[in-house]
Amino acid sequence: GCFLLWLLPSILRAWASPETRPSSSLCQQSPTKVSCKGVGLRKFPKDLGQGIKYLELSNNFIQNLSDSNMPGFGQLEYLDVCFNQLEAVSATALAQLPRLRSLLLGSNHLDRNYLANGEAFHLLRNIEILDLSVNNLESHMASWYISNLTSLRVLDLSGNTMTKLLAGTFRSSPLLRQLDLSNNYIMEIQEGAFEPLAELEVLNLALNSLHCISGFSLTQLRVLNLSHNALELFSSKEGAEPYLLRVLDLSHNRLLSFPELPKAHDLMHLNLSNNLIASLLPGSPHPREFVLLYKEMQRFNRTVHPAAALTHVVDLDLSNNRLELFPFSFFHSLGSLQSLSLARNCLQDVARESVSNGTELSVRSLDLHSNALRVLPHWFFGSLPHLESIDLGSNSLQPCESQRSDQGRDLGRDSHTSAPRDTCTPFYNVPRLKHLSLSKNNISRLQPHAFNWTPLLSLDLSGNRDLSMPAGALGGLELSLQELSLRDNQMDNSQAALPCLGTLRVLDLSGNHLSLLPSGLSCSPLESLDIRDNDLQTLGTVGSWSRSLRAVAVAGNPWGCCSLGWLDT
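Residues numbered from 1 in each chain as written. Predicted model: local features only at pLDDT ≥ 70, side-chain atom pairs only at ≥ 80, totals over all residues. Heavy atoms only, no water.

Q: What is the right way to read the pattern of salt bridges from this model?
A: Two side chains that carry opposite charge are able to pair once their charged atoms sit near each other. Per the stated rule, a full pass over the model turns up eight salt bridges. Residue R112 is joined to E87 by a salt bridge in which the shortest nitrogen-to-oxygen separation is 2.8 Å. Taken together, the positions of R112 in the loop between β7 (102-104) and α3 (114-121) and E87 in the loop between β5 (78-80) and β6 (88-89) put the pair 25 residues apart, joining distant regions of the chain. Among the residues examined, R112 registers a relative accessible area of 40% and is labelled partly exposed. Put simply, R532 and D530 hold a salt bridge, and the shortest N to O gap is 2.6 Å. (Salt bridge = Lys/Arg side-chain N within 4 Å of Asp/Glu carboxyl O. Helix = DSSP H or I, 4+ residues; strand = E, 2+ residues; numbered from the N terminus. Buried < 20%, exposed > 50% of the residue type's maximum accessible area, 1.4 Å probe, protein only.)

Q: How do you make sense of the environment of L536 when you look at a structure like this?
A: With respect to the secondary-structure elements, L536 resides in the loop between β29 (528-530) and β30 (551-553). Here the alpha-carbon distance between L536 and L517, two residues 19 residues apart in the chain, equals 8.2 Å.

Q: Even after reading the chapter, I still don't get unusual backbone geometry, so can you show me in this structure?
A: Glycine aside, a negative phi is what most residues show, and trans is what most peptide bonds show. If you check the backbone angles, N183 has positive phi at about 60 degrees while not being a glycine. One can find N183 in the loop between β11 (178-180) and β12 (188-189). On the basis of relative accessibility, which here comes to 44%, the residue N183 falls in the partly exposed class. The phi torsion at N320 lies on the positive side, around 55 degrees, for a residue other than glycine. Overall, the relative accessible area of 25% leaves N320 in the partly exposed class.

Q: What is the right way to look at the nonpolar core in this model?
A: Nonpolar side chains in soluble globular proteins generally cluster together in the buried interior. Formed by 142 residues in total, the largest nonpolar core has its most connected members in L181, L316, F326, F331, F380 and F451. If you list the elements that add at least two residues to this core, you get α3, α4 (139-145), β14 (212-216) and α5 (328-331). In this structure, this core is formed jointly by two domains, domain 1 (27-182) and domain 2 (210-277), each of which donates at least three residues. Discounting residues that sit within four places of it in the chain, F331 has contacts with L280, L316, L318, F326, L337, L340, L342 and L361. (Core = buried A, V, L, I, M, F, W, Y, C linked by side-chain atoms within 4.5 Å. Domains from an automatic or database assignment. Contact = heavy atoms within 4.5 Å.)

Q: What am I meant to see in the environment of I62 here?
A: With respect to the element layout, I62 can be found in the loop between β3 (54-56) and β4 (64-65). In sequence terms I62 and N84 are 22 residues apart; their C-alpha atoms lie 5.5 Å from each other. Ignoring sequence-local partners within four residues, the contact set of I62 consists of L41, R42, K43, L57, V81, N84, Q85 and L86.

Q: What's the story with α3 in this structure? I'm lost.
A: The periodicity of an α-helix, 3.6 residues per turn, causes residues three or four positions apart to be oriented the same way. What α3 keeps buried is the set Y114, N117, G118, A120 and F121. Viewed along the axis of α3, the buried residues span an arc of 155 degrees, placing them on a single side of the element. Exposed positions of α3 whose direction lies more than 90 degrees from the buried face are L115 and A116. (Arc of directions from axis to C-beta.)

Q: Explain the state of the cysteines here, please?
A: In the structure shown here, the tally under the stated rule is three disulfides. The disulfide partner of C27 is C36, and the gap between their sulfur atoms is 2.0 Å. Where C27 bonds to C36 through sulfur, the torsion about that S-S bond is close to 115 degrees, and the disulfide is right-handed. C36 matches C27 in its accessibility class, with the two residues each being buried. (Disulfide = S-S within 2.5 Å.)

Q: What's the story with the packing of aromatic side chains in this structure? I'm lost.
A: Each aromatic ring pair is specified by the distance between its two centres and by the angle formed by the two planes. All told, the structure shown has 16 aromatic pairs when counted by the stated rule. Residues F328 and W379 carry aromatic rings whose centres are separated by 5.2 Å and whose planes lie at 90 degrees to one another, so their mutual orientation is edge-to-face. Note that F328 is positioned in helix α5 and W379 in the loop between β23 (365-367) and β24 (389-391), a separation of 51 residues in sequence. Judged on exposure class, the residue F328 and its partner W379 are both buried. With centroids separated by 5.1 Å and ring planes inclined at 85 degrees, the aromatic side chains of F330 and F331 adopt a geometry described as edge-to-face. The class of F330 is buried, set by a relative accessible area of 1%. Judged by relative accessible area, F331 falls into the buried class, the value being 1%. The residue whose ring lies beneath K33 is Y54, and the NZ or CZ to ring-centre distance is 4.5 Å. Geometry around F61 places R42 over its ring, the cationic atom sitting 5.2 Å from the centre. (Phe/Tyr/Trp six-rings, centres within 6.5 Å; stacked < 30°, edge-to-face > 60°. Lys NZ or Arg CZ within 6 Å of the ring centre and 35° of its normal.)

Given below as structure tokens:
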């Protein structure tokens, strides 16, 4: 035993040496596919046999690709050497890979020896997919690496140190379809840099330092990501040729106005969140911080409706901007719009050009949370006939009272309310609305039948401190409501009266002052119940939901040790 302990340091040193590092015996192998991911290799594995087409060597310690340590891989089509310590690639090694189509070299050190490495890359005439991400490559280094790759279709240069795109960078790659340049330091795109790329469909320029996109002319692009830059201007090139763009992400920039895309007829997904847009109305003045930093701004005609051509847009994200007004007329031309987010703006009012105007939006999902809305106009829901989900959390809206009778349904919005229309919002008689959030609206009292004839499936009333919910407040939801949240309302027993909700499956009552559960729960087929942080000592008589319940959270209650019979149930 002592002898073995004396030898142990020598054994460990031998195991750690390159000569005895884990070898190809630890690789997973099939006739044409080998994976040696993360097995501690410092050199190319040996004795893998012939006919290998797929070889994965990522997460190892390989420093170079040379013919001396590369056996014959004449059939190899896919090679992954990402997350190694690669810094040298020899021409003789790459010459042995005539059928290679995909080469993944991300997260290595290819900024070293880039001249010799780039010369070797000239032999990769058939390469179609190349990953050079996170290699500390500067602009001229990246250009040199791809300067002779005429078959390239997918190129990843993300996470490098490029500061500009040179005019001739892609001259030899006319077949390129997908290009990732994200997470660099690109501040300048030289004129003509993208001109050779007539086949380019997907371009990612996110997380760079671009300030201006002027005369955007890549009409064949389908997807363009320019998020997380410093863009103050985005303008397309004037011309007759339409754009094929379907996805445009301009989020997290410094745009002061809605971009003008008069030829983007196919655009479906537009993200403008986290900008500085203060108004959507044509002809509106720019914010006072707006200055003509670029001569292209002088030709902007703000009397033209900036969204007039966007007839195919399905979802539009304008969250986290500076909008104070929700102009219905602006969105009227977006006839295909289904999802609209104006969350986290400064919205105080909703307006349309004329009350008699029959403007209707096709929107199905609307997010208006975290604004300054105090009331929605009586025509609001009538102008959203297809609305299924709306988030109005973190505003200051008070629901109106509805008449319970069929007569009240016929009168609709003209029925009696307990408060004037300019102080409350009618949420009753919205026949398609399924999901509603009114969390954190400072609602003090829920009026009777506030949601009558609105077949809600889910209702969020959480975060309304001291909310009083008398009997009948949820009247009309007995046969539809499936999920209800009354979390963090500080409600006591007298403030939480629930009717017999025959379809309720999920209930959150956490963060209140309840010492008894509402008696109306006895007929609800509950599957999930959250009653944490209340004043419950016992659950009392457990209703029919004892057979349907799947999950219950009970922490933070002063349970009585002598009244735990409900646990058996």
